[in-house]
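# Geometric and topological summary
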Amino acid sequence: MRNFLREHRWAVVVSVLLHGLLVVGLVLATLNSHRPPPTVQPLPIDAVVVDSQVLHAAQKAQSDQEAARARAAADAQAAAAAKAAEEARAAEEAKAAEQAKAADQSKEAEQAKEAEQAKAAEQAKEAEQANEAEQAKAAAQAKAAEHAKADAARAAAAEQQRLIDAKKAADAKQATEAKQAAEAKQAADAKRAADERARADREAELRKQLADEEHRSAVESGPLRDSYIARLRNKIQSVWIKPPSASVGLDCLVEVTQIPGGEVTGARVTQCNGDAAARQSIENAVYRASPLPDPPDPALFERNFVFRFKPNE
């Protein structure tokens, strides 16, 4: 009872206050409905005046306590539900672990069985392979014996054929050596004859060159060369067109290049006391004189020759 009063003291206080106010109201209403005698004084009322703020505070405190109790009940219920869910989850995980363990054990048993079967099959296969190897070995030995016999026969035949081939080779070598000796003798004779002809040709060519040199020297040192060069110079000077700038006493050296037949392929004034117009006129005259006269003797032909151009002589 004391605990109940302690927990609900504010509610009791509020209830007492409300009842006191109700009693006061009833008393006031009775007094107003019955006019009292003027001489009669009202009896004093033993009542407690309660402030509205105190009343509201008491109501709010009561509401907060009820809300706190509701929240506590809700929290307790949520905790109980969470604990139940956790226990259910743990149970499910334990069940799943048991099932996984059972599955692993079953799988291990199956794998062990398969391993035994594979081992038995491997042993059977090895036994079969060993049997086949023995049979193959026996067949190989028999075949090797046959091959050895055949090889011996082939070796004997080969030795006989080798002797025959050796005799043939010796005969062929002897014939080849005899042929090579004959060919070597013929080649030596032919080479000796060719050397003799080459030496004779060289001697003849040398004699011809010496004769040509002697003839050329004789011709060049004689009057034919001077007369031939004079003919060339006269022909060139005869076709020369004197430019207005050419002075008296013009003296130039001209290099001429010609080919057999006298055709001029090049003309160049190397030294000259005239101007550029005079030089150009002399070179043009050389080209106009082409072809030049043939030499009286082939030994006088020179591809490149130089003559002195002096038109006033």
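In this numbering scheme, every chain counts its residues from 1 along its sequence in written order. Only residues with pLDDT of at least 70 are given local features in this predicted model, and only at 80 or more are side-chain atom pairs given and counted; all residues enter the totals for whole chains, interfaces and linings. For the side-chain quantities, the full set of heavy atoms in the structure was used; hydrogens and water were omitted.

## Observations concerning the packing of aromatic side chains
- Aromatic pairing here means that ring centres of Phe, Tyr or Trp (its six-membered ring) are within 6.5 Å. Orientation follows from the plane angle: under 30 degrees is stacked, over 60 is edge-to-face, and everything else is tilted. In total, this model carries two aromatic pairs according to the counting rule given.
- Between Trp240 and Phe309, the ring centres sit 5.3 Å apart and the planes meet at 80°, which makes this aromatic pair edge-to-face. Taken as a pair, Trp240 in the loop between α4 (223-238) and β1 (252-258) and Phe309 in strand β3 (residues 304-309) lie far apart in primary sequence, 69 residues in all. Both residues of the pair, Trp240 and Phe309, belong to the buried class.
- Measuring from centroid to centroid gives 6.3 Å for Phe305 and Phe307, while their planes differ by 35°, and the two rings are tilted. Just as Phe305 is buried, Phe307 falls in that class too. Labels follow the DSSP assignment, with helices taken as runs of H or I lasting at least four residues and strands as runs of E lasting at least two, numbered in each case from the N terminus. Accessible area is worked out with a 1.4 Å probe on protein chains only. A residue is then buried under 20% of its type maximum, exposed over 50%, and partly exposed in between.

## Some details on α4
- An ideal rise of 1.5 Å per residue puts 22 Å on 16 residues; α4 measures up with 22 Å between its terminal C-alpha atoms.
- Taken as a whole, α4 has its buried residues at Tyr228, Ile229, Ala230, Leu232, Ile236 and Gln237.
- Here, two residues are considered to be in contact whenever any of their heavy atoms come within 4.5 Å of each other. Each element contacted by the buried residues of α4 is listed here: β1, α5 (276-288) and β3. Helix span is expected to be 1.5 Å times the residue number reduced by one.

## A few points about the sheet that holds β1
- The strand order β2-β1-β3 describes an open sheet built from three strands, whose pairing is antiparallel. With one partner strand each, in any of the chains shown, β2 (264-272) and β3 form the two edges of the open sheet. Direction aside, the axes of adjacent strands within the sheet are offset by 25° on average.
- Orientation is described by lines fitted to C-alpha atoms, with helices fitted over the stretch in contact, and by angles between N-to-C directions that extend from 0 to 180 degrees. Across the face of the sheet, α4 comes into contact with β1 and β3 while running at roughly 65° to β3.
- Packing against the sheet, α5 makes contact with β1, β2 and β3, and its axis sits at approximately 150° to β2. Strands are labelled as partners when DSSP assigns at least two bridges between them.

## Describing the state of the cysteines
- Note that a disulfide, as used here, is simply two cysteine sulfur atoms within 2.5 Å. Applying the stated criterion across every chain yields a total of one disulfide.
- Disulfide pairing places Cys252 opposite Cys272 at an S-S distance of 1.9 Å. One end of the pair, Cys252, is in strand β1; the other, Cys272, is in strand β2, with 20 residues separating them in the sequence. As far as burial versus exposure is concerned, Cys252 and Cys272 are alike and both buried.

## Some remarks on the pairing of β3
- Burial of β3 is one-sided: the residues Phe305, Phe307 and Phe309 facing one way are buried, the residues Asn304, Val306 and Arg308 facing the other way are not.
- In terms of strand pairing, β1 meets β3 through six bridges, oriented antiparallel. Each residue of the ladder has a partner; that of Thr257, found in β3, is Asn304.

## Observations regarding unusual backbone geometry
- Backbone torsion omega between Ser290 and Pro291 reads 0°, so that peptide bond is classified as cis.
- Turning to its location among the elements, Pro291 is positioned in the loop between α5 and β3.

## Some remarks on α5
- With 13 residues, α5 extends 18 Å from end C-alpha to end C-alpha; this agrees with the ideal 18 Å at 1.5 Å per step.
- The complete set of buried residues in α5 reads Ala278, Ser281, Ile282, Glu283, Ala285 and Val286.

## A short note on a nonpolar patch on the surface
- Two joining distances apply to patches: 9 Å for like charges and 5 Å for nonpolar side chains (Val, Leu, Ile, Met, Phe, Trp, Tyr), and every residue must have over 30% relative accessible area and no salt bridge. Each accessible area is a Shrake-Rupley result for a 1.4 Å probe, and residues are judged covered by the shown protein chains and nothing else. For salt bridges, the criterion is a side-chain nitrogen of Lys or Arg within 4 Å of an Asp or Glu carboxyl oxygen. Among the surface-exposed residues, Val23, Val27, Leu28 and Leu31 lie close enough to one another that they form a single nonpolar patch of about 310 Å² accessible area.
- With respect to the helices, strands and loops of the structure, Leu28 is situated in helix α2 (residues 9-33).
- Judged by its relative accessible area of 45%, Leu28 is partly exposed.

## Regarding the pattern of salt bridges
- Throughout the structure, instances matching the rule amount to 11 salt bridges.
- Taking the shortest distance from any N to any O, the salt bridge between Asp171 and Lys167 comes out at 3.5 Å. Of this pair, Asp171 and Lys167 both sit in helix α3 (residues 52-221), four residues apart, roughly one helical turn.
- Relative accessible area serves as the criterion here: at 40%, Asp171 is assigned to the partly exposed category.
- Asp189 is the partner of Arg192 in a salt bridge, and the nearest nitrogen-oxygen pair spans 2.4 Å.

## Concerning the confidence of the model for the protein
- This prediction gives the protein a mean pLDDT of 81; 86% of its residues lie at or above 70.
- Values of pLDDT, the confidence the predictor places in each residue, fall between 0 and 100. For the protein, the element scoring lowest by mean pLDDT is helix α1 (residues 2-7), at 70; α5 scores highest, at 92.

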